[in-house]
Amino acid sequence: MPYERNRLLALLLNFIPGVGHLYWGKKGRGITYPILFFGGIFFGFAVSIAAHSDDLAILTLIAAAILWLFSMFDLLIIMLRETPEERAYREHVRQMTGEGRESEKFFTILLSFVPGLGHFQLGLMQRGLSFLIAFFGLITMMFFVTGITHESVFLLFLGLLPIIWLYSMFDAVQLVHRKLAGEPLVDQTPFDDWEAGRIEGRRSKVLATMLSAFPGAGQMYLGLQKRGLQMMALFLGSFYVIDVLRLSVFLFIIPIIWFYCFFDGLQQTSRYGILPMEDRPLMETRGEYQHWLGIALILLGIYFVGMELIVPILDTHFPELHIYSRIEKYLRPTIVAVLLIGGGIKLLARPKRRNMLWSDEEI
């Protein structure tokens, strides 16, 4: 097999059944697949038009789709059969020439937006295929089960798709950087990584990535207890505070916290086993943060006791005052305004302090 042929290009060409096989040097398959595909479509539609049958047209499309999938999987299997010696020689030639390093990085990152394609670009067919099947297989299976059972609750499992997508993309980016740094890449599925880590007594990076979907859980699994606990408390505490104070205007903070915690979990997972792990909390338990956190907890406790115990009693005995409605109308908007203005003043005050410190050092 010629070593200069590109696997990704072969897959893209094979979107027209048989063209990818021709490019890969399989002339028999390259001729057979297009004849069966286009000939079958032409014959099926001709018969359906002659018989005035829509069912035959639908069956023709289904048969064509099955043949297209079979052609793609057949090409994947052929490319997976490449021997380690052939793969090593091809990579050696590319490293010796030094060509295509930046373009490979760019195309790998670009293609990784579709789970598995970035791994195909790196020559990791088994790993890429596992991500591709996991992503699109989950979509197909959930819609199929929902259609059969007529229960929309199964669509909740589609919430796993962003996790698979982010993990696949992050994994492809990490691997292309390792490849450009000269490290050898092993073509194995994420489940093989999990099994290898279990045998060697190490924590699984796959499981750590999956646990990172819940803020703080991935960090705690990797042994970063302080950092993980603070992230979990921040995420769940934000829900509680927003719900108690009815501050729906701050709901945008929740996805920001989730994405920060998730990508921090991915970063810590990528460092595990390679760089030393340090359990650095988001904020120190002592100092200025502890002072402000204590004040916030006291005020929140006073507010909670007042709204749950004192205000209902006063509202019952003095209904003409409309205490609860007045609090809803005036107090909560005031709290939102104070938080926004106070946060803005705090952010504006910090650069001035730093500039003063820098001027003192220069003097």
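Calculation notes
Residues numbered from 1 in each chain as written. Predicted model: local features only at pLDDT ≥ 70, side-chain atom pairs only at ≥ 80, totals over all residues. Heavy atoms only, no water. Helix = DSSP H or I, 4+ residues; strand = E, 2+ residues; numbered from the N terminus. Buried < 20%, exposed > 50% of the residue type's maximum accessible area, 1.4 Å probe, protein only. Contact = heavy atoms within 4.5 Å. Expected span 1.5 Å × (residues − 1). Bend = angle between axes of the 7 residues up to and from the residue. Axes fitted to C-alpha atoms, helices over the stretch in contact; angles between N-to-C directions. Parallel < 35°, antiparallel > 145°, perpendicular 65-115°, else oblique. Left-handed = near helix turned anticlockwise from the far one by under 90°. Nonpolar A, V, L, I, M, F, W, Y, C, P; charged D, E, K, R; others polar. Phe/Tyr/Trp six-rings, centres within 6.5 Å; stacked < 30°, edge-to-face > 60°. Salt bridge = Lys/Arg side-chain N within 4 Å of Asp/Glu carboxyl O.

Trainee: Mind showing me how you'd approach the overall build of the chain here?
Mentor: Regarding its fold elements, the chain presents 16 helices and 0 strands. Taken over 363 residues, the chain has a buried fraction of 31%. Pairs at least 24 residues apart make up 58% of the contacts formed inside the chain by residues separated by at least 6 positions.

Trainee: It is not clear to me how helix α14 (residues 253–271) should be interpreted in this structure. Could you clarify?
Mentor: Since the α-helix advances by 3.6 residues per turn, residues separated by three or four positions end up pointing in the same direction. The terminal C-alpha atoms of α14 lie 27 Å apart, and with 19 residues this matches the ideal 27 Å at 1.5 Å per residue to within 8%. Every buried residue belonging to α14 is among Ile254, Ile257, Cys261, Phe262, Asp264, Gly265, Leu266, Gln268, Thr269 and Ser270, and all of these are buried. Looking one or two residues past α14, Gly273 carries a phi angle of roughly 85°, positive in sign.

Trainee: Please explain helix α8 (residues 125–149) as it appears in this structure.
Mentor: Taking 1.5 Å as the rise per residue, α8 with 25 residues should run 36 Å; its terminal C-alpha atoms sit 35 Å apart, in good agreement. Maximal helix bending in α8 amounts to about 25°, located at Gly137. Those residues of α8 that sit buried are Met125, Arg127, Gly128, Leu129, Phe131, Phe135, Leu138, Met142 and Thr146. Among the residues trailing α8, His150 stands out with phi positive, at a value near 60°.

Trainee: Just to check I follow, could you spell out the packing of helix α9 (residues 161–180) against α14 for this structure?
Mentor: How two helices pack is summed up by the angle between their axes together with the distance between the axes. Where α9 meets α14, the closest approach of the two axes is 11 Å, and the angle between their N-to-C directions is 40°. The angle between α9 and α14 places the two elements in the oblique class. As α9 runs across α14, the sense of the crossing is right-handed. Residues Leu166, Phe170 and Gln174 of α9 pack against Trp258, Phe262, Phe263, Leu266, Gln267 and Ser270 of α14. Broken down by class, the residue content of the contact of α9 with α14 amounts to 6 nonpolar, 3 polar and no charged.

Trainee: Teacher, can you tell me more about the packing of aromatic side chains here?
Mentor: Think of a pair of aromatic rings as described by two things: how far the centres are apart, and how the planes are tilted against each other in angle. With the rule as written, the count across this model stands at 11 aromatic pairs. With a centroid separation of 5.5 Å and 55° between ring planes, the pair formed by Phe15 and Trp68 is classed as tilted. You can see Phe15 sitting in the loop between α1 (7–13) and α2 (19–23) and its partner Trp68 sitting in helix α4 (residues 54–80), a full 53 residues away along the chain. Note on Trp68: relative accessible area 23%, which makes it partly exposed. Site record: aromatic cluster; members linked through ring pairs are Trp258, Phe259, Phe262 and Phe263.

Trainee: For this particular structure, what's the right way to read the side chain of His21?
Mentor: Looking at the element boundaries, His21 is found in helix α2. The contact partners of His21, leaving out residues within four places of it in the chain, are Asn14, Lys26, Arg29, Gly30, Tyr33, Ser71, Asp74, Leu75 and Ile78.

Trainee: Explanation requested: the pattern of salt bridges in the structure shown.
Mentor: Think of it this way: side chains of opposite charge can pair up when their charged atoms draw near. This structure, assessed with the given rule, holds 4 salt bridges. A salt bridge links Asp74 to Arg29; the nearest nitrogen and oxygen atoms lie 2.7 Å apart. Taken together, the positions of Asp74 in helix α4 and Arg29 in helix α3 (residues 27–51) put the pair 45 residues apart, joining distant regions of the chain. Residue class for Arg29 comes out partly exposed when judged on its relative accessible area of 34%. Between Arg227 and Asp264 there is a salt bridge, with its nearest N and O atoms 2.9 Å apart. Of this pair, Arg227 sits in helix α13 (residues 225–245) while Asp264 sits in helix α14, and the two are 37 residues apart along the sequence. Of the residues examined, Arg227 reaches a relative accessible area of 11% and is grouped as buried.

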